[in-house]
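Structural description and commentary
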Amino acid sequence: MRIIPAIDIIDGKCVRLSKGDYNTKIIYNENPLEVAKEFEAHGIEYLHLVDLDGAKSSQIVNYKILEQIASKTKLKIDFGGGLKSDADLKIAFDSGANQITGGSIAIKNRALFEKWIQEYGSDKIILGADANNEKVAISGWLEESDEDLIPFIQGYQAKGIQHVICTDIAKDGMLEGPSFDLYAKILAEAKGIKLIASGGISTFDELPKLAELGCEGTIIGKAIYEGRISLKQLEQYIIG
């Protein structure tokens, strides 16, 4: 299972929120590049980079940070947060993203998101399916849609989507453990999907459990920043 640390950006700084609430912001580092280099030094190959300013605004905002990390590390970066147009997507890929994650756009402008899947290929486009009570949440989790999570994933699977990042908002940043039951359900019903678990990871022991369930990757954020899971442990896990 791939280990994918998260860096969330507000005002160019590395932050974490709880349950997506911007009022719970904690700044962990003023320099995201420093954080990314530290990950790389511990054998980590992947990074989930989220432009939280972009998620709230109408366009990509923190692409310079993406450019910096992409040009100064070898990390394979998936980038999300506020990608709402062809121009945003071009900026993200030109700035060094290997993949992009589309969440709100996949609900609000299906035609455009489907066009991206066709144009860039399903290895470049990840579906961000963030859930609250098994309903899809959008706009930096500020809105809940009336879309049911699993049919939503299955619908895009039929359009060629292979990778899905699923965050259970109730768990995010709470360090109470991930949504094992929800992930088991998704994997049982959306057969063959490459599921990346996100939200709630709090101890190292949860990682083998997610791998056993069949998750293709897991995104870890606050547990690293709060010292619950050490980079040394992750390095050992990756070396296997």
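For the structure, see preceding data.
A brief look at the structure comes next. (Residues numbered from 1 in each chain as written. Predicted model: local features only at pLDDT ≥ 70, side-chain atom pairs only at ≥ 80, totals over all residues. Heavy atoms only, no water.)

Further remarks concern the overall build of the protein chain. The number of helices and strands found in the protein chain is 11 helices and 13 strands. Against the compact-globule benchmark of 18 Å for 240 residues, the protein chain has a radius of gyration of 16 Å, which places it among compact chains. In terms of overall dimensions, the protein chain has a C-alpha envelope of 40 × 35 × 35 Å along the principal axes. Looking at the 240 residues of the protein chain, the share that counts as buried comes to 54%. Of the contacts formed within the protein chain by residues at least 6 apart in sequence, a portion of 67% connects residues at least 24 apart. On the protein chain, the mean spot of the 27 positive side-chain charges and the mean spot of the 36 negative ones are 2 Å from each other. (Helix = DSSP H or I, 4+ residues; strand = E, 2+ residues; numbered from the N terminus. Rg over C-alpha atoms; globule rule 2.2 N^0.38 Å. Buried < 20%, exposed > 50% of the residue type's maximum accessible area, 1.4 Å probe, protein only. Contact = heavy atoms within 4.5 Å. Lys, Arg positive; Asp, Glu negative; His and termini not counted. Charge placed at Lys NZ, Arg CZ, Asp CG, Glu CD.)

A word on the packing of helix α7 (residues 149–158) against helix α8 (residues 180–189). Between α7 and α8, the shortest axis-to-axis distance is 10 Å and the interhelical angle comes to 40°. Considering the angle they form, α7 stands oblique to α8. By crossing handedness, the relation of α7 to α8 is classed as right-handed. Residues Leu149, Ile150, Ile153 and Gln154 of α7 touch α8, and the partners they reach there are Leu182, Lys185, Ile186 and Glu189. Tallied by class, residues from the contact of α7 with α8 come to five nonpolar, one polar and two charged. (Axes fitted to C-alpha atoms, helices over the stretch in contact; angles between N-to-C directions. Parallel < 35°, antiparallel > 145°, perpendicular 65-115°, else oblique. Left-handed = near helix turned anticlockwise from the far one by under 90°. Nonpolar A, V, L, I, M, F, W, Y, C, P; charged D, E, K, R; others polar.)

Of note, Asp11 is a non-glycine position whose phi angle comes to about 55°, a positive value. Look at Asp11 and you get exposed, because its relative accessible area is 56%. Phi is positive for Asn133, which is not a glycine, with a value near 55°. Within the secondary structure layout, Asn133 lies in the loop between β8 (131–132) and β9 (135–138). A residue is classified by how much of its surface remains accessible, and Asn133, at 66% relative accessible area, is exposed.

Take the pattern of salt bridges next. Inspection of every chain in the model, using the stated rule, returns 13 salt bridges. Across the salt bridge formed by Glu30 and Lys13, the nearest N and O atoms sit 3.7 Å from each other. Pair noted here: Glu30 is in the loop between β3 (21–29) and α1 (32–41) and Lys13 is in strand β2 (residues 13–18), with a separation of 17 residues, a long-range link. A residue is classified by how much of its surface remains accessible, and Lys13, at 25% relative accessible area, is partly exposed. Linking Glu45 and Lys76 is a salt bridge whose minimum nitrogen-to-oxygen distance equals 3.4 Å. In this pair, Glu45 is assigned in the loop between α1 and β4 (46–51) and Lys76 in strand β5 (residues 76–80), connecting sequence segments 31 residues apart. (Salt bridge = Lys/Arg side-chain N within 4 Å of Asp/Glu carboxyl O.)

Right, let's talk about the packing of aromatic side chains for a bit. Taken as a whole and judged by the stated rule, the model has seven aromatic pairs. Judged by centre distance (6.2 Å) and plane angle (65°), the ring pair of Phe113 and Trp116 falls under edge-to-face. Of the two residues, Phe113 and Trp116 are both situated in helix α6 (residues 110–120); the distance of three residues between them amounts to about one turn of the helix. In terms of burial, Phe113 and Trp116 fall into one category: buried. Aromatic rings pair up to connect Phe113, Trp116, Phe152 and Tyr156 into one cluster. Stacked on the ring of Tyr22, the Lys or Arg Lys56 has its end atom at 4.2 Å from the ring centre. (Phe/Tyr/Trp six-rings, centres within 6.5 Å; stacked < 30°, edge-to-face > 60°. Lys NZ or Arg CZ within 6 Å of the ring centre and 35° of its normal.)

Moving on to the pairing of β3. Sheet topology places β2 next to β3; four bridges connect them, and they run antiparallel. Its bridge partner being in β3, Val15 is matched across the sheet by Ile27. Adjacent in sequence and paired antiparallel, β2 and β3 are bridged by two residues, among which Lys19 carries a positive phi angle near 50°. (Pairing = 2+ DSSP bridges.)

Those residues of α7 not exposed but buried are Leu149, Ile150, Phe152, Ile153 and Tyr156. When α7 is viewed along its axis, its buried side chains cluster within an angular range of 160° and face the same direction. Backbone geometry just after α7 places Gly160 at a positive phi near 110°. (Arc of directions from axis to C-beta.)

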